Amino acid sequence: MAVIHHTSLSPTKLELLAAWLPSRPWYSGAGEPELARAGGFRLDDPQGEVGIEFLVVTDASGPRPSSYLVPLTYRGAPLDGAEDALVGTMEHGVLGRRWAYDGCHDPVLAAQLPALIEGRVSAQDQDTSNVPDREVTRSWTGAGLAPTDFGTPPTDDASGTELHAPDGSVLRLHRVLRATADGAPDPAPETAGHVAGSWALPDGTRARGLFADLRTGTRSR
């Protein structure tokens, strides 16, 4: 299990994201981002080397507050070939320099998220070591194992990021979060599995919606 260190970060995660988010095609804020942490969860790296965090932030810079899902990975050294995915570097009070990446470009996250959808790993609390996050739910109705080979570069659009597997499977992360009316996830009919979670709105209420879904392909590997 990953150990959560309650220590200093310089710059902070929100400071890194304030500089990075406006460059994303799914970001719709106006002017300088006004970010607040709103929720999220963590996953464990089986090798214990990479920090994996699904961070939810709200931005109040636009006409209406928007909530974004920002998966990040934290590494103790640069990830080869991922220069374009670097969000920034931070000085960690315990671990030293950490390289923060857009997690959709990190093979460790790309393998662990399908494992979460299938139920082989559990979502962990964002702030406490070795505590499951009970607000994160998942479902898998696909046949066999969920694919974990999402080796092609991710593609961004106006609302999310997609990762593609050789068999035609598509893992989609919903970057712009939409709250469902009754709090129940509402994946598309062709979805074989999904992850849903909750986050805080600026008025203090809780919202719930889809974080990610997986559509399986038909092409042979």
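Preceding block: the structure.
Thresholds applied
- Residues numbered from 1 in each chain as written.
- Predicted model: local features only at pLDDT ≥ 70, side-chain atom pairs only at ≥ 80, totals over all residues.
- Heavy atoms only, no water.
- Helix = DSSP H or I, 4+ residues; strand = E, 2+ residues; numbered from the N terminus.
- Rg over C-alpha atoms; globule rule 2.2 N^0.38 Å.
- Buried < 20%, exposed > 50% of the residue type's maximum accessible area, 1.4 Å probe, protein only.
- Contact = heavy atoms within 4.5 Å.
- Areas by Shrake-Rupley, 256 points an atom, 1.4 Å probe, with all protein chains shown as cover.
- Lys, Arg positive; Asp, Glu negative; His and termini not counted.
- Charge placed at Lys NZ, Arg CZ, Asp CG, Glu CD.
- Expected span 1.5 Å × (residues − 1).
- Polar contact = N/O pair within 3.5 Å; in protein donor to acceptor, adjacent residues only side chain to side chain.
- Core = buried A, V, L, I, M, F, W, Y, C linked by side-chain atoms within 4.5 Å.

Caption draft 1: Representation of the overall build of the protein. When helices and strands are counted, the protein shows two helices and twelve strands. Taken from the N to the C terminus, the helices and strands of the protein come in the order β-α-β-β-β-β-β-α-β-β-β-β-β-β. Relative to a compact globule of 221 residues, whose C-alpha radius of gyration would be 17 Å, the protein shows 17 Å and is just as compact. Referenced to the eigenvectors of the C-alpha coordinate spread, the extents of the protein come out at roughly 45 × 40 × 35 Å. Residues counted as buried form 49% of the 221 residues belonging to the protein. Within the protein, counting contacts between residues at least 6 apart in sequence, those at least 24 apart form 57% of the total. Carbon together with sulfur atoms contributes 50% to the accessible area of the protein, which is approximately 10,600 Å² in total. The positive charge centre, built from 19 side chains, and the negative charge centre, built from 29, are 3 Å apart in the protein.

Caption draft 2: Looking closely at helix 2 (residues 107-118). Look at helix 2: 17 Å from first C-alpha to last across twelve residues, which is about the 16 Å you get at 1.5 Å a residue. Among the twelve residues in helix 2, ten count as buried, and that is most of the element. For helix 2, every residue scored as buried is listed here: Val108, Leu109, Ala110, Gln112, Leu113, Pro114, Ala115, Leu116, Ile117 and Glu118. Its side-chain oxygen 3.0 Å from the backbone nitrogen of Val108, Asp106 forms the N-cap of helix 2. Phi turns positive, to about 100°, at Gly119, one or two residues after helix 2.

Caption draft 3: Representation of the nonpolar core within the structure. Of all hydrophobic cores here, the largest spans 32 residues; its most connected members are Phe41, Phe54, Leu113, Val195 and Phe211. The set of elements that each furnish at least two residues to this core consists of strand 2 (35-43), strand 3 (51-59), helix 2, strand 10 (170-174), strand 11 (193-200) and strand 12 (206-215). Broken down by element, this core gets its largest block of residues, six residues, from helix 2. If near-sequence neighbours (up to four positions away) are discounted, Val195 is found in contact with Phe41, Leu113, Leu116, Ile117, Val136, Thr137, Arg138, Leu210, Phe211 and Ala212. Leu16, Ala18, Val87 and Val176 belong to the second largest nonpolar core, which has 18 residues in total.

Caption draft 4: The arrangement of helix 1 (residues 13-20) in detail. Inspection of helix 1 places Lys13, Leu16, Leu17, Ala18 and Trp20 among the buried residues, and these make up the whole buried set. Residues of helix 1 that are buried in the fold lie against strand 1 (9-10), strand 2, strand 3, strand 4 (66-75), strand 5 (86-92) and strand 6 (96-102).

Caption draft 5: Unusual backbone geometry, seen in detail. Positive phi, normally seen in glycine, also occurs at Asn130, with a value near 60°. Tracing the chain through its elements places Asn130 in the loop between helix 2 and strand 7 (137-140).

Caption draft 6: Structural context of the environment of Ser122. Structurally, Ser122 can be placed in the loop between helix 2 and strand 7. Residue class for Ser122 comes out partly exposed when judged on its relative accessible area of 46%. Spatially, the C-alpha atoms of Ser122 and Pro132 are 6.7 Å apart, while their sequence positions differ by ten residues. Non-local contacts of Ser122, meaning those with residues more than four positions away in its chain, are made with Arg42, Leu43 and Leu116.

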